[in-house]
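Now for the letters of each chain:
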Amino acid sequence: MSSSHETGRGVLFVFGAFLIWGLFPLYWKPLHDVPALQILCHRIAWSALFVALLLLVQRQWGWLVPFVREPKRLGIFALSSALLSTNWLIYIWAVNADRVLDASLGYFINPLINVLLGRLFLSERLAPVQKAAVGLAALGVLWLTILAGTPPWVALGLGLSFGCYGLLRKQAPLASLPGLALETFLMLPLALGALLWFEWQGQGLFGHVDGLHDAMLAGAGVVTAIPLLLFAAGARRLKLATVGVIQYTSPIMQLLLGAWLFHEPFGAGRLVGFGFIWAGLALYSGAGLLDYLRARSVKPA
């Protein structure tokens, strides 16, 4: 199979993943009357069941025993699963609290948060262009804070939780499907315990509203796993620079959904704040693309 064909498939898979992630607000909005914590618990429980079935079909259980026997790596995954669950909870709450624009901002600033975390925790040196990009993003956050009178906590919470999650996953790498399986398995006892508590308190909504709600809560496992599998299949066929460009599909779609479909306010003042952040992203992405093109142009002797 030709390299160009594999690259084309990779672009298709990765774009499909970010397309699904960009459309996530359309999935969570119909569940606005279900508390975000309940949605999260169902997402964890049904995701764990779905990935367990996939692992059973594919006979991919060999990685589990070595992980259980390594407390340090298991502890890292316990922390990463807690961060991932926090990220999911903030995102679900934001969508159903009419804060889709804030959620999109979180994923716009995430690449620049990753750069900053790499400097703080991995001693990665920042190039002048990266420093300027982070500075522009900081100006944007500062402007939005002044404009609203409070920091954009939703965006910062999403960006930081996902950035720290990625940082931890670097310390204990695992393929996408086994990684999701382990993270959901670790959170499963808490999720099931919470769901039983909600039911006992008469607050549980699964099985008590209508079939659509039940189907969408159960389907949360499928819509969680599918984009991750698409991303894993596509990312290994592509250069990191290509994936970095495609990743902006998701927050752009969320921004459009929030502003045009859900009619969230997006005035000139907010546009200025987003503009600083977009300028930082353009600077960061442009520099990365130039480095990639220069590396490709260097021919081995």
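Quick notes on the rules
Residues numbered from 1 in each chain as written. Predicted model: local features only at pLDDT ≥ 70, side-chain atom pairs only at ≥ 80, totals over all residues. Heavy atoms only, no water. Axes fitted to C-alpha atoms, helices over the stretch in contact; angles between N-to-C directions. Helix = DSSP H or I, 4+ residues; strand = E, 2+ residues; numbered from the N terminus. Parallel < 35°, antiparallel > 145°, perpendicular 65-115°, else oblique. Left-handed = near helix turned anticlockwise from the far one by under 90°. Contact = heavy atoms within 4.5 Å. Nonpolar A, V, L, I, M, F, W, Y, C, P; charged D, E, K, R; others polar. Phe/Tyr/Trp six-rings, centres within 6.5 Å; stacked < 30°, edge-to-face > 60°. Lys NZ or Arg CZ within 6 Å of the ring centre and 35° of its normal. Salt bridge = Lys/Arg side-chain N within 4 Å of Asp/Glu carboxyl O. Buried < 20%, exposed > 50% of the residue type's maximum accessible area, 1.4 Å probe, protein only. Expected span 1.5 Å × (residues − 1). pLDDT = per-residue confidence, 0-100.

Labelled according to an unreviewed UniProt entry, the chain appears under the name Chloramphenicol-sensitive protein RarD, originating from Pseudogulbenkiania subflava DSM 22618.

### Description of the packing of helix H6 (residues 100-121) against helix H8 (residues 153-171)
One can describe the packing of H6 onto H8 by two numbers: an axis separation of 7 Å at closest approach and a directional angle of 45°. When the axes of H6 and H8 are compared, the pair comes out oblique. With respect to the hand of their crossing, H6 and H8 are arranged in right-handed fashion. Where H6 abuts H8, its residues Asp102, Ala103, Leu105, Gly106, Tyr107, Ile109, Asn110, Ile113, Asn114, Leu117 and Phe121 lie against Val154, Ala155, Leu156, Leu158, Gly159, Leu160, Phe162, Gly163, Cys164 and Leu167. Class assignment for the residues of the contact of H6 with H8 results in 15 nonpolar, 5 polar and 1 charged.

### Considerations on the packing of aromatic side chains
Following the criterion strictly, the structure yields 14 aromatic pairs and no others. An angle of 50° between the planes, with centres 6.0 Å apart, marks the rings of Trp21 and Phe231 as tilted. Placement of the pair is Trp21 in helix H1 (residues 3-22) and Phe231 in helix H10 (residues 211-235), with a sequence separation of 210 residues. Feature note: the residues Tyr91, Tyr107, Phe162 and Tyr165 constitute an aromatic cluster, connected by ring pairs. When the ring centre of Phe262 is taken as origin, the NZ or CZ atom of Lys29, which lies over that ring, is 4.8 Å away. For Arg43, the ring lying beneath its charged end belongs to Trp88, and the centroid distance is 4.0 Å.

### Considering unusual backbone geometry
Despite not being glycine, Asp98 shows a phi value in the positive range, around 60°. Note on placement: Asp98 falls in the loop between helix H5 (71-96) and H6. The backbone phi angle of His263 is positive, close to 55°, even though this residue is not glycine. Positionally, His263 belongs in the loop between helix H12 (249-261) and helix H13 (268-297).

### Side note on the pattern of salt bridges
Counting across every chain of the model gives 5 salt bridges. As a salt-bridge pair, Glu70 and Arg73 come within 3.4 Å of each other at their nearest N and O atoms. Between Asp102 and Arg99 there is a salt bridge, and its shortest N-O distance comes to 2.5 Å.

### Section: the environment of Gly207
Position of Gly207 relative to the elements: it lies in the loop between helix H9 (176-200) and H10. Given a relative accessible area of 52%, Gly207 falls into the exposed group. Taking C-alpha positions, Gly207 is 54 Å from Asp291, a pair spaced 84 residues apart along the chain.

### A short note on H5
Given a rise of 1.5 Å per residue, 26 residues ought to cover 38 Å, and the 37 Å separating the end C-alpha atoms of H5 matches this to within 8%. In the segment just after H5, Asp98 is the residue with positive phi, at about 60°.

### Considerations on the confidence of the model for the chain
For the chain, per-residue confidence averages 87 on the pLDDT scale, and residues scoring 70 or more make up 95% of the total. The lowest-confidence element of the chain is helix H11 (residues 240-246), averaging 70 in pLDDT; the highest-confidence one is helix H2 (residues 24-28), averaging 95.

### Some details on the packing of helix H3 (residues 36-58) against H10
It is at 7 Å that the axes of H3 and H10 come closest, and there the two elements cross at 60°. Put simply, H3 runs oblique to H10. Of the two possible hands of crossing, H3 and H10 adopt the one that is right-handed. Packed against H3, whose contacting residues are Ile39, His42, Arg43, Trp46, Ser47, Phe50, Val51 and Leu54, the element H10 presents Leu217, Ala218, Ala220, Gly221, Val222, Thr224, Ala225 and Leu229 at the interface. Taken together, the residues of the contact of H3 with H10 sort by class into 11 nonpolar, 4 polar and 1 charged.

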